[in-house]
Amino acid sequence: MMNTTAASQIETAPWINEAWEQTVKKVLRTSSRIGAEFPHASQGGTYVLEAPHWWTAGFWPGLLWLLHEGEGNANLPFRQIAEECERKLDEVLDGYDRLDHDIGFMWLLTSVINYKLNGAEGSRRRALKAANYLMGRFNLKGNFIRAWNPWSEGEDNSGWAIIDCAMNVPLLQWASRETGDPRYSHVAEAHMGTVLNHFIRTDGSVRHIVRFDSQSGEVAEYIGGQGFGPESAWSRGTAWALYGLTLAAKHTGRQEFLDAAKRVSHFFLSQLSEDSVPVWDFRAPEETKVLRDSSAGACAACGLLLLAELVPSAEASSYSSAGERILKSLYQNYGSFDQDEEEGLILHGTSHYPERKNMDVPLIYGDYFFVEGLARLRGGVTIPWE
Ligand code: GLY
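About the cut-offs
Residues numbered from 1 in each chain as written. Predicted model: local features only at pLDDT ≥ 70, side-chain atom pairs only at ≥ 80, totals over all residues. Heavy atoms only, no water. UniProt positions renumbered as here; feature names shortened; annotations may be inferred. Helix = DSSP H or I, 4+ residues; strand = E, 2+ residues; numbered from the N terminus. Rg over C-alpha atoms; globule rule 2.2 N^0.38 Å. Buried < 20%, exposed > 50% of the residue type's maximum accessible area, 1.4 Å probe, protein only. Contact = heavy atoms within 4.5 Å. Areas by Shrake-Rupley, 256 points an atom, 1.4 Å probe, with all protein chains shown as cover. Lys, Arg positive; Asp, Glu negative; His and termini not counted. Charge placed at Lys NZ, Arg CZ, Asp CG, Glu CD. Polar contact = N/O pair within 3.5 Å; in protein donor to acceptor, adjacent residues only side chain to side chain. Pairing = 2+ DSSP bridges. Axes fitted to C-alpha atoms, helices over the stretch in contact; angles between N-to-C directions. Near = heavy atom within 4 Å. Core = buried A, V, L, I, M, F, W, Y, C linked by side-chain atoms within 4.5 Å. Phe/Tyr/Trp six-rings, centres within 6.5 Å; stacked < 30°, edge-to-face > 60°. Lys NZ or Arg CZ within 6 Å of the ring centre and 35° of its normal. Expected span 1.5 Å × (residues − 1).

By the naming in an unreviewed UniProt entry, the chain is Unsaturated chondroitin disaccharide hydrolase, taken from Paenibacillus catalpae. UniProt annotates the chain under Sequence similarities (unreviewed entry) with the comment "Belongs to the glycosyl hydrolase 88 family."

What follows is the structure, given as C-alpha coordinates:
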(Lines give C-alpha, C1' and ligand atoms only; values in the text may rest on other atoms or scores of the structure.)
Protein backbone atom coordinates (compact mmCIF):
# COMPACT_ATOMS: atom_id res chain seq x y z
CA MET A 1 0.00 0.00 0.00
CA MET A 2 3.04 2.22 -0.03
CA ASN A 3 3.22 5.11 -2.44
CA THR A 4 6.42 6.67 -1.26
CA THR A 5 6.78 9.04 -4.18
CA ALA A 6 3.51 10.93 -3.66
CA ALA A 7 4.80 13.70 -1.42
CA SER A 8 8.11 13.97 -3.23
CA GLN A 9 6.24 14.46 -6.51
CA ILE A 10 5.03 17.83 -5.32
CA GLU A 11 7.35 20.21 -7.06
CA THR A 12 9.05 22.35 -4.45
CA ALA A 13 7.07 25.49 -5.05
CA PRO A 14 8.93 28.78 -4.45
CA TRP A 15 6.84 29.57 -1.37
CA ILE A 16 8.16 26.42 0.35
CA ASN A 17 11.83 27.38 0.10
CA GLU A 18 11.00 30.97 0.98
CA ALA A 19 9.09 29.82 4.09
CA TRP A 20 11.96 27.53 5.10
CA GLU A 21 14.54 30.31 4.75
CA GLN A 22 12.39 32.73 6.73
CA THR A 23 11.94 30.07 9.41
CA VAL A 24 15.67 29.40 9.74
CA LYS A 25 16.33 33.14 9.96
CA LYS A 26 13.71 33.70 12.63
CA VAL A 27 14.61 30.66 14.74
CA LEU A 28 18.27 31.65 14.68
CA ARG A 29 17.19 34.91 16.29
CA THR A 30 14.74 33.44 18.81
CA SER A 31 17.04 30.58 19.80
CA SER A 32 19.58 33.00 21.20
CA ARG A 33 16.93 34.22 23.69
CA ILE A 34 15.12 30.92 24.36
CA GLY A 35 18.19 28.65 24.45
CA ALA A 36 17.81 25.22 26.06
CA GLU A 37 14.44 25.97 27.67
CA PHE A 38 10.88 24.79 27.09
CA PRO A 39 8.60 27.33 25.39
CA HIS A 40 4.86 26.68 25.12
CA ALA A 41 2.69 29.67 24.18
CA SER A 42 3.81 33.09 23.03
CA GLN A 43 2.21 35.95 24.99
CA GLY A 44 2.71 39.51 23.79
CA GLY A 45 5.37 38.34 21.36
CA THR A 46 7.50 36.37 23.85
CA TYR A 47 7.41 32.63 24.39
CA VAL A 48 6.47 31.77 27.98
CA LEU A 49 8.83 29.08 29.27
CA GLU A 50 7.50 26.02 31.09
CA ALA A 51 9.09 23.53 33.50
CA PRO A 52 10.67 20.57 31.70
CA HIS A 53 7.93 18.17 32.84
CA TRP A 54 5.25 20.04 30.87
CA TRP A 55 3.92 17.94 27.96
CA THR A 56 5.18 20.35 25.32
CA ALA A 57 8.87 20.05 26.31
CA GLY A 58 9.86 18.08 23.19
CA PHE A 59 8.56 20.44 20.54
CA TRP A 60 11.25 23.13 20.68
CA PRO A 61 14.19 20.67 20.53
CA GLY A 62 12.24 18.67 17.91
CA LEU A 63 11.87 21.80 15.77
CA LEU A 64 15.60 22.52 16.15
CA TRP A 65 16.53 18.99 15.01
CA LEU A 66 14.39 19.44 11.86
CA LEU A 67 16.20 22.68 11.04
CA HIS A 68 19.59 21.19 11.90
CA GLU A 69 19.16 18.29 9.48
CA GLY A 70 17.33 20.35 6.86
CA GLU A 71 20.21 22.84 6.81
CA GLY A 72 22.64 20.00 6.11
CA ASN A 73 23.99 19.88 9.68
CA ALA A 74 25.37 23.37 9.09
CA ASN A 75 27.37 25.11 11.74
CA LEU A 76 24.33 26.54 13.52
CA PRO A 77 23.51 26.37 17.26
CA PHE A 78 20.42 24.15 16.78
CA ARG A 79 21.94 20.75 17.59
CA GLN A 80 23.72 21.95 20.71
CA ILE A 81 20.55 23.52 22.13
CA ALA A 82 18.46 20.43 21.29
CA GLU A 83 20.96 18.17 23.03
CA GLU A 84 21.00 20.36 26.10
CA CYS A 85 17.19 20.24 26.26
CA GLU A 86 17.38 16.44 26.07
CA ARG A 87 19.82 16.33 29.00
CA LYS A 88 17.58 18.64 31.04
CA LEU A 89 14.71 16.18 30.56
CA ASP A 90 16.66 13.56 32.55
CA GLU A 91 15.42 15.11 35.79
CA VAL A 92 11.88 14.41 34.55
CA LEU A 93 12.55 10.86 33.39
CA ASP A 94 14.30 9.94 36.63
CA GLY A 95 12.87 12.20 39.28
CA TYR A 96 9.25 13.00 38.49
CA ASP A 97 6.34 10.82 39.55
CA ARG A 98 3.65 12.22 37.27
CA LEU A 99 4.90 10.96 33.90
CA ASP A 100 1.90 10.33 31.70
CA HIS A 101 0.83 9.38 28.14
CA ASP A 102 2.71 12.43 26.76
CA ILE A 103 6.05 10.64 27.16
CA GLY A 104 6.05 10.02 23.40
CA PHE A 105 5.82 13.73 22.56
CA MET A 106 8.73 14.37 24.91
CA TRP A 107 11.24 11.64 24.02
CA LEU A 108 10.45 10.97 20.35
CA LEU A 109 11.33 14.59 19.60
CA THR A 110 14.51 14.56 21.69
CA SER A 111 16.13 11.17 22.33
CA VAL A 112 14.69 9.06 19.49
CA ILE A 113 15.57 11.67 16.90
CA ASN A 114 19.07 12.21 18.37
CA TYR A 115 19.63 8.45 18.29
CA LYS A 116 18.31 8.16 14.72
CA LEU A 117 20.52 10.99 13.49
CA ASN A 118 23.65 10.47 15.54
CA GLY A 119 23.49 6.97 17.03
CA ALA A 120 23.82 8.51 20.51
CA GLU A 121 23.80 5.55 22.93
CA GLY A 122 22.60 7.62 25.92
CA SER A 123 19.67 8.81 23.81
CA ARG A 124 18.73 5.22 22.94
CA ARG A 125 18.72 4.33 26.66
CA ARG A 126 16.57 7.33 27.57
CA ALA A 127 14.07 6.56 24.81
CA LEU A 128 13.78 2.89 25.80
CA LYS A 129 13.25 3.87 29.43
CA ALA A 130 10.49 6.25 28.33
CA ALA A 131 8.92 3.52 26.17
CA ASN A 132 8.86 1.18 29.16
CA TYR A 133 7.03 3.82 31.23
CA LEU A 134 4.51 4.29 28.45
CA MET A 135 3.94 0.56 28.04
CA GLY A 136 3.45 0.25 31.80
CA ARG A 137 0.39 2.50 31.54
CA PHE A 138 -1.51 -0.08 29.50
CA ASN A 139 -4.80 -1.34 30.91
CA LEU A 140 -5.28 -4.95 29.78
CA LYS A 141 -9.04 -5.07 30.39
CA GLY A 142 -9.88 -1.95 28.42
CA ASN A 143 -6.99 -2.15 25.91
CA PHE A 144 -6.01 1.48 26.44
CA ILE A 145 -3.02 3.46 27.65
CA ARG A 146 -3.98 5.41 30.74
CA ALA A 147 -3.79 9.19 30.29
CA TRP A 148 -2.85 11.02 33.50
CA ASN A 149 -2.13 10.21 37.14
CA PRO A 150 -4.52 11.68 39.74
CA TRP A 151 -4.42 15.49 39.76
CA SER A 152 -5.55 15.66 43.37
CA GLU A 153 -5.55 13.41 46.44
CA GLY A 154 -8.17 10.67 46.13
CA GLU A 155 -9.10 11.39 42.50
CA ASP A 156 -9.64 8.27 40.40
CA ASN A 157 -8.80 8.86 36.75
CA SER A 158 -7.40 5.38 36.23
CA GLY A 159 -9.88 4.74 33.40
CA TRP A 160 -9.18 7.87 31.34
CA ALA A 161 -7.81 7.54 27.82
CA ILE A 162 -7.32 10.49 25.46
CA ILE A 163 -6.96 10.91 21.73
CA ASP A 164 -3.63 12.78 22.02
CA CYS A 165 -2.04 9.43 22.95
CA ALA A 166 -2.39 8.35 19.29
CA MET A 167 0.66 10.56 18.64
CA ASN A 168 2.58 9.01 21.55
CA VAL A 169 2.34 5.31 20.66
CA PRO A 170 4.89 5.68 17.83
CA LEU A 171 7.45 5.61 20.68
CA LEU A 172 6.35 2.02 21.30
CA GLN A 173 6.62 1.13 17.61
CA TRP A 174 10.15 2.54 17.60
CA ALA A 175 11.06 0.53 20.73
CA SER A 176 9.82 -2.69 19.12
CA ARG A 177 11.85 -2.11 16.00
CA GLU A 178 14.88 -1.15 18.06
CA THR A 179 14.81 -4.10 20.47
CA GLY A 180 13.15 -6.75 18.30
CA ASP A 181 10.63 -7.24 21.15
CA PRO A 182 7.08 -7.25 19.76
CA ARG A 183 5.43 -6.47 23.13
CA TYR A 184 5.75 -2.73 22.53
CA SER A 185 4.02 -2.88 19.15
CA HIS A 186 1.33 -5.23 20.55
CA VAL A 187 0.44 -2.56 23.11
CA ALA A 188 0.58 0.22 20.49
CA GLU A 189 -1.69 -1.72 18.17
CA ALA A 190 -4.14 -2.63 20.95
CA HIS A 191 -4.40 1.02 22.03
CA MET A 192 -4.96 2.16 18.44
CA GLY A 193 -7.66 -0.54 18.08
CA THR A 194 -9.41 1.14 21.02
CA VAL A 195 -9.05 4.51 19.31
CA LEU A 196 -10.74 2.99 16.28
CA ASN A 197 -13.57 1.44 18.29
CA HIS A 198 -14.30 4.16 20.82
CA PHE A 199 -12.92 7.53 19.71
CA ILE A 200 -13.70 7.77 16.01
CA ARG A 201 -17.34 8.42 15.21
CA THR A 202 -18.99 7.12 12.01
CA ASP A 203 -18.83 10.58 10.42
CA GLY A 204 -15.05 10.80 11.02
CA SER A 205 -15.29 13.25 13.91
CA VAL A 206 -13.33 12.40 17.06
CA ARG A 207 -13.88 12.30 20.83
CA HIS A 208 -11.25 13.79 23.13
CA ILE A 209 -11.59 11.68 26.31
CA VAL A 210 -13.18 8.29 26.93
CA ARG A 211 -13.49 7.11 30.51
CA PHE A 212 -13.43 3.36 30.89
CA ASP A 213 -14.21 1.37 34.00
CA SER A 214 -10.61 0.50 34.82
CA GLN A 215 -11.65 -2.82 36.44
CA SER A 216 -13.98 -4.17 33.75
CA GLY A 217 -12.70 -2.24 30.73
CA GLU A 218 -16.26 -1.18 29.77
CA VAL A 219 -16.88 2.34 28.43
CA ALA A 220 -18.25 4.45 31.28
CA GLU A 221 -18.50 7.98 29.85
CA TYR A 222 -17.41 10.39 27.12
CA ILE A 223 -15.78 13.61 28.33
CA GLY A 224 -15.39 16.84 26.36
CA GLY A 225 -11.89 17.63 27.64
CA GLN A 226 -10.32 20.41 25.58
CA GLY A 227 -13.25 20.38 23.18
CA PHE A 228 -16.53 22.24 23.68
CA GLY A 229 -18.31 19.12 25.00
CA PRO A 230 -18.58 15.32 24.84
CA GLU A 231 -20.35 15.41 21.46
CA SER A 232 -18.35 18.21 19.87
CA ALA A 233 -15.41 17.90 17.47
CA TRP A 234 -12.25 19.51 18.89
CA SER A 235 -10.08 20.26 15.89
CA ARG A 236 -6.69 19.47 17.46
CA GLY A 237 -8.03 16.14 18.71
CA THR A 238 -9.19 15.46 15.16
CA ALA A 239 -5.68 16.26 13.92
CA TRP A 240 -4.05 14.01 16.56
CA ALA A 241 -6.33 11.19 15.34
CA LEU A 242 -5.73 11.88 11.66
CA TYR A 243 -1.94 11.81 11.98
CA GLY A 244 -1.88 9.09 14.68
CA LEU A 245 -4.03 6.69 12.64
CA THR A 246 -1.93 7.36 9.55
CA LEU A 247 1.21 6.49 11.51
CA ALA A 248 -0.52 3.37 12.85
CA ALA A 249 -1.34 2.36 9.25
CA LYS A 250 2.29 2.84 8.30
CA HIS A 251 3.63 0.94 11.33
CA THR A 252 1.23 -2.00 11.17
CA GLY A 253 0.19 -2.16 7.51
CA ARG A 254 -3.41 -2.64 8.70
CA GLN A 255 -6.06 -1.47 6.26
CA GLU A 256 -8.58 -0.55 8.98
CA PHE A 257 -6.20 2.09 10.36
CA LEU A 258 -5.71 3.50 6.87
CA ASP A 259 -9.48 3.55 6.24
CA ALA A 260 -10.07 5.32 9.56
CA ALA A 261 -7.31 7.86 8.83
CA LYS A 262 -9.04 8.63 5.53
CA ARG A 263 -12.43 8.94 7.21
CA VAL A 264 -11.06 11.38 9.80
CA SER A 265 -9.22 13.38 7.14
CA HIS A 266 -12.37 13.67 5.01
CA PHE A 267 -14.25 15.00 8.02
CA PHE A 268 -11.43 17.42 8.89
CA LEU A 269 -11.17 18.77 5.34
CA SER A 270 -14.95 19.09 4.99
CA GLN A 271 -14.99 21.46 7.99
CA LEU A 272 -12.43 23.97 6.69
CA SER A 273 -13.46 27.35 5.40
CA GLU A 274 -11.82 29.27 2.57
CA ASP A 275 -8.46 29.83 4.28
CA SER A 276 -8.02 26.08 4.99
CA VAL A 277 -7.19 26.59 8.69
CA PRO A 278 -9.55 25.03 11.27
CA VAL A 279 -11.60 26.72 13.96
CA TRP A 280 -10.79 25.45 17.47
CA ASP A 281 -13.80 23.09 17.59
CA PHE A 282 -15.87 22.24 14.53
CA ARG A 283 -19.04 21.82 16.63
CA ALA A 284 -18.71 24.73 19.02
CA PRO A 285 -21.29 27.53 19.23
CA GLU A 286 -20.93 29.88 16.25
CA GLU A 287 -19.88 32.88 18.38
CA THR A 288 -16.75 31.02 19.62
CA LYS A 289 -15.76 29.96 16.13
CA VAL A 290 -13.92 33.21 15.53
CA LEU A 291 -11.08 31.40 17.31
CA ARG A 292 -8.91 29.32 15.02
CA ASP A 293 -6.43 26.65 16.01
CA SER A 294 -3.52 26.95 13.60
CA SER A 295 -1.70 24.15 15.46
CA ALA A 296 -4.46 21.70 14.48
CA GLY A 297 -4.03 22.76 10.87
CA ALA A 298 -0.26 22.24 10.97
CA CYS A 299 -0.53 18.80 12.59
CA ALA A 300 -3.25 17.65 10.18
CA ALA A 301 -1.20 18.85 7.21
CA CYS A 302 1.70 16.58 8.26
CA GLY A 303 -0.71 13.65 8.60
CA LEU A 304 -2.19 14.35 5.16
CA LEU A 305 1.27 14.43 3.55
CA LEU A 306 2.09 11.04 5.08
CA LEU A 307 -1.35 9.67 4.15
CA ALA A 308 -0.59 10.56 0.53
CA GLU A 309 2.37 8.15 0.70
CA LEU A 310 0.22 5.25 1.93
CA VAL A 311 -2.86 5.36 -0.32
CA PRO A 312 -2.99 4.05 -3.92
CA SER A 313 -1.36 6.55 -6.27
CA ALA A 314 -4.66 7.62 -7.88
CA GLU A 315 -5.78 9.00 -4.49
CA ALA A 316 -2.46 10.44 -3.36
CA SER A 317 -2.60 13.91 -4.85
CA SER A 318 -5.88 14.84 -3.16
CA TYR A 319 -4.22 14.32 0.26
CA SER A 320 -0.84 15.83 -0.61
CA SER A 321 -2.38 18.92 -2.18
CA ALA A 322 -4.68 19.40 0.83
CA GLY A 323 -1.65 19.18 3.15
CA GLU A 324 0.28 21.67 1.06
CA ARG A 325 -2.73 24.01 0.83
CA ILE A 326 -3.03 24.17 4.63
CA LEU A 327 0.70 24.82 5.10
CA LYS A 328 0.71 27.51 2.43
CA SER A 329 -2.19 29.28 4.09
CA LEU A 330 -0.45 29.02 7.48
CA TYR A 331 2.62 30.64 5.97
CA GLN A 332 0.84 33.35 4.00
CA ASN A 333 -2.10 34.17 6.29
CA TYR A 334 -0.93 33.12 9.77
CA GLY A 335 2.86 33.50 9.63
CA SER A 336 4.57 36.13 11.78
CA PHE A 337 7.54 36.47 9.47
CA ASP A 338 7.11 40.21 9.02
CA GLN A 339 6.88 40.74 12.81
CA ASP A 340 10.39 40.80 14.24
CA GLU A 341 9.08 41.33 17.76
CA GLU A 342 7.02 38.08 17.71
CA GLU A 343 8.88 34.88 18.71
CA GLY A 344 6.21 32.45 17.53
CA LEU A 345 6.24 31.43 13.87
CA ILE A 346 2.52 30.80 13.37
CA LEU A 347 -0.17 32.99 14.92
CA HIS A 348 -3.71 32.13 16.06
CA GLY A 349 -3.42 28.85 17.92
CA THR A 350 -5.84 27.87 20.69
CA SER A 351 -4.46 25.71 23.45
CA HIS A 352 -7.36 25.27 25.89
CA TYR A 353 -10.65 27.05 25.24
CA PRO A 354 -12.67 25.47 28.11
CA GLU A 355 -10.10 26.85 30.59
CA ARG A 356 -9.71 30.04 28.51
CA LYS A 357 -5.94 29.47 28.41
CA ASN A 358 -3.57 30.47 25.62
CA MET A 359 -6.17 31.47 23.06
CA ASP A 360 -5.31 33.15 19.77
CA VAL A 361 -1.56 32.84 20.28
CA PRO A 362 1.40 31.06 18.68
CA LEU A 363 1.91 27.61 20.20
CA ILE A 364 5.19 25.70 20.08
CA TYR A 365 3.53 22.56 18.68
CA GLY A 366 1.93 24.65 15.92
CA ASP A 367 5.39 25.96 15.06
CA TYR A 368 6.86 22.45 15.26
CA PHE A 369 4.30 20.88 12.89
CA PHE A 370 4.58 23.83 10.51
CA VAL A 371 8.34 23.19 10.27
CA GLU A 372 7.78 19.41 9.98
CA GLY A 373 5.32 20.09 7.16
CA LEU A 374 7.87 22.23 5.32
CA ALA A 375 10.52 19.54 5.90
CA ARG A 376 8.15 16.93 4.45
CA LEU A 377 7.50 19.08 1.38
CA ARG A 378 11.23 19.66 0.84
CA GLY A 379 12.17 16.03 1.58
CA GLY A 380 15.39 14.55 2.97
CA VAL A 381 14.68 15.10 6.68
CA THR A 382 14.17 12.35 9.29
CA ILE A 383 10.67 12.40 10.75
CA PRO A 384 10.71 11.33 14.42
CA TRP A 385 7.29 9.59 14.55
CA GLU A 386 8.02 7.30 11.62
N1 GLY B 1 -3.69 17.86 25.55
C2 GLY B 1 -2.70 18.38 24.73
C3 GLY B 1 -3.20 19.31 23.70
O4 GLY B 1 -3.40 20.46 23.99
O5 GLY B 1 -3.43 18.93 22.61
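This paragraph deals with the overall build of the chain. Along the backbone of the chain there are 13 helices and nine strands. Compactness check: the chain gives a C-alpha radius of gyration of 19 Å against a globular reference of 21 Å for 386 residues, within 12% of the reference. By principal-axis analysis of the C-alpha atoms, the chain measures approximately 55 × 45 × 40 Å. Looking at the chain residue by residue over its 386 residues, the buried ones come to 62%. A separation threshold of at least 6 residues defines the contact pool for the chain, and within that pool the share at least 24 residues apart is 69%. Approximately 14400 Å² of the chain is accessible, and the part contributed by carbon and sulfur atoms is 46%. Between the centroid of the 35 positive side chains of the chain and the centroid of its 50 negative side chains there is a distance of 3 Å.

Moving on, we come to the side chain of N157. Within the element layout of this structure, N157 appears in the loop between β4 (144-145) and β5 (160-162). On the basis of relative accessibility, which here comes to 1%, the residue N157 falls in the buried class. One polar contact links the side chain of N157 to the main-chain carbonyl oxygen of N149, over a distance of 3.0 Å. With sequence-adjacent residues up to four places away left out, N157 is seen in contact with R146, W148, N149, P150 and W151.

We now examine the pairing of strand β7 (residues 219-223). With four bridges joining them, strand β6 (residues 209-212) and β7 adopt antiparallel strand pairing. Considered in β7, the bridge of V210 is made with Y222. A loop of six residues connects β6 with β7, the two strands running antiparallel in sequence, and G217 in this loop sits at a positive phi of about 85°.

With that settled, consider the pairing of strand β1 (residues 39-43). Counting buried positions along β1 gives four out of five residues, so the element sits mostly inside the fold. With three bridges joining them, β1 and strand β2 (residues 46-49) adopt antiparallel strand pairing. The partner of Q43 across the bridge, within β2, is T46. What sits between β1 and β2 in their antiparallel hairpin is a turn of two residues, with G44 showing a positive phi close to 60°.

Next up on the list: the sheet that holds β5. The three strands lie next to each other as β5-β6-β7, forming an open sheet whose pairing is antiparallel. Strands with a single pairing partner mark the edges of an open sheet, and in this sheet they are β5 and β7. In this sheet, adjacent strand axes meet at a mean angle of 25° when their direction is disregarded. Along the sheet, helix α8 (residues 183-199) makes contact with β5, β6 and β7, crossing β6 at roughly 100°.

Now for the site of the ligand. Around the ligand, a shell composed of W55, D164, Q226, W234, R236 and W240 is seen. R236 is positioned such that a nitrogen or oxygen atom in its side chain is 2.5 Å from an oxygen atom of the ligand. Between the ligand and the protein, one listed contact pairs an oxygen atom with a side-chain N or O atom of W240 at 3.0 Å. When the free accessible area of the ligand is taken as 200 Å², the share hidden by the protein chains comes to 95%.

In this section: the nonpolar core. One recurring pattern in soluble globular proteins: nonpolar side chains tend to sit buried together. One finds F59, L172, Y243, L245, F369, F370 and W385 to be the most contacted residues of the largest nonpolar core, which totals 132 residues. With twelve residues, helix α11 (residues 294-310) is the single largest residue contributor to this core.

What follows is about the packing of aromatic side chains. Taken as a whole, this structure holds 26 aromatic pairs when the rule is applied. Arranged with centres 6.1 Å apart and planes meeting at 90°, the rings of F105 and W385 form a pair that is edge-to-face. A residue pair is termed long-range when its members are at least 10 positions apart, and F105 in helix α5 (residues 103-118) and W385 in the segment after α13 (364-378) qualify at 280 residues. Side by side, F105 and W385 carry an identical accessibility label, which is buried. Between W148 and W160, the ring centres sit 6.2 Å apart and the planes meet at 70°, which makes this aromatic pair edge-to-face. Taken together, the residues span a long stretch of sequence, with W148 in the loop between β4 and β5 and W160 in strand β5 at a distance of twelve residues. Of the two residues, W148 and W160, both sit in the buried class. Aromatic ring contacts, followed pair by pair, group W55, F59, F105, W240, Y243, Y365, Y368, F369 and W385 into a single cluster. Taking the ring centre of Y184 as reference, the NZ or CZ of R183 above it sits at 5.7 Å.

So, on to α8. In a regular helix each residue adds 1.5 Å, so 17 residues correspond to 24 Å; α8 covers 23 Å between its end C-alpha atoms and thus fits that length. Buried residues of α8: Y184, S185, V187, A188, H191, M192, G193, T194, V195, L196 and F199, and no others.

Moving on, we come to the environment of L307. Looking at the element boundaries, L307 is found in helix α11. Taking the C-alpha atoms as reference points, L307 and Y334, 27 residues apart in sequence, are found 24 Å from one another. Every residue in contact with L307, bar those within four places of it in the chain, is listed here: T246, L258, A261, K262, S265 and Y319.

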